[in-house]
Amino acid sequence: DILHGEAKAEAVTALARREGLDLGACSAYSDSANDIPMLSLVGHPCAINPDARLRAHAREHGWRVRDYRTGRKAVKIGVPTAAAAGALAGALAAASARRRSR
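Overview of the structure. (Residues numbered from 1 in each chain as written. Predicted model: local features only at pLDDT ≥ 70, side-chain atom pairs only at ≥ 80, totals over all residues. Heavy atoms only, no water.)

Section: unusual backbone geometry
For clarity, the threshold we go by: For the purposes of this entry, the term helix denotes a DSSP run of H or I that reaches at least four residues, the term strand denotes a run of E that reaches at least two, and both are numbered from the N terminus. Relative accessibility decides the category of a residue: with a 1.4 Å probe and only protein chains considered, values under 20% of the type maximum give buried, values over 50% give exposed, and everything between is partly exposed.
Backbone geometry places Asn-49, a non-glycine residue, at a positive phi of 45 degrees. Checked against the element boundaries, Asn-49 lands in the loop between strand E2 (44-48) and helix H3 (52-60). Overall, Asn-49 belongs to the partly exposed group, its relative accessible area being 22%.

Concerning the pairing of strand E1 (residues 27-30)
Here is the rule we go by: Any two strands with at least two DSSP-identified bridges between them are counted as paired.
Side chains of E1 alternate between two faces, with Ala-28 and Ser-30 buried and Ser-27 and Tyr-29 left unburied. Here E1 runs beside E2; their pairing, made up of 4 bridges, is parallel. Bridge pairing links Ser-27 to His-44 in E2.

Here we look at the sheet that holds strand E3 (residues 64-66)
Threshold: Angular values range over 0 to 180 degrees, each being the angle between N-to-C directions of two axes fitted as lines to C-alpha atoms, with helices fitted over their stretch in contact.
Judged by pairing direction, the sheet is parallel, and its 3 strands sit side by side in the order E1-E2-E3 without closing on themselves. With one partner strand each, in any of the chains shown, E1 and E3 form the two edges of the open sheet. The mean inter-strand angle of the sheet, taken between neighbouring strand axes irrespective of direction, is 25 degrees. In the sheet, E2 pairs with E3 via 3 bridges, with the strands oriented parallel. Looking across to E3, one finds that Ile-48 is bridged to Arg-66.

Looking at helix H1 (residues 6-19)
Heads up, the rule is: Given a helix with a known number of residues, its expected span is that number minus one, times 1.5 Å.
Between its first and last C-alpha, H1 extends 20 Å over 14 residues, near the 20 Å set by a 1.5 Å rise per residue. Within two residues after H1, Gly-20 carries a phi angle of roughly 70 degrees, on the positive side.

With respect to the pattern of salt bridges
Definition in use: Whenever a carboxyl oxygen of Asp or Glu lies within 4 Å of a side-chain nitrogen of Lys or Arg, that contact is scored as a salt bridge.
Across all of its chains, the model carries 4 salt bridges by this definition. Asp-35 is the partner of Lys-8 in a salt bridge, and the nearest nitrogen-oxygen pair spans 3.0 Å. Of this pair, Lys-8 sits in helix H1 while Asp-35 sits in the loop between E1 and helix H2 (36-39), and the two are 27 residues apart along the sequence. With relative accessibility at 22%, the residue Lys-8 sits in the partly exposed group. Given a relative accessible area of 9%, Asp-35 falls into the buried group.

Thoughts on the nonpolar core
As a reminder, the rule being used: For the purposes of this section, nonpolar cores are sets of buried Ala, Val, Leu, Ile, Met, Phe, Trp, Tyr and Cys residues that join through side-chain atoms within 4.5 Å.
Counting residues in each nonpolar core, the largest one holds 12 residues, listed as Ala-16, Leu-23, Ala-28, Ala-33, Ile-36, Met-38, Leu-39, Val-42, Ala-47, Leu-54, Ala-58 and Trp-63. Elements with a minimum of two residues in this core: H2 and H3.

Examining H3
This is how it is decided: Along the arc lie the directions from the helix axis toward the C-beta atoms.
For H3, every residue scored as buried is listed here: Leu-54, Arg-55, His-57 and Ala-58. Relative to the axis of H3, the buried residues are bounded by an arc of 165 degrees and lie together on one face. In H3, those exposed residues whose orientation departs by more than 90 degrees from the buried face are Ala-52, Arg-53, Arg-59 and Glu-60.

Quick look at the structure:
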């Protein structure tokens, strides 16, 4: 079965009990607020590329947050913005040159 929310936390607890694991010494990671119950069980939770709700929860609770999308976001936003700025500057320069030539 697909585990989700509390069901995943219960499965992790059962596994830890069966295997004799100390959840306080364990790590877990997720990108979704659906996993807050599971992340709350371990001593070392980490939000990886988190959704907005998980990011807020992680920050409130002092959990580690790792977002590896930042570079891609910068490229997705920065390159088109720079291209648009360059096109605008070129258009303004061309318009200014036309005015001077008249």
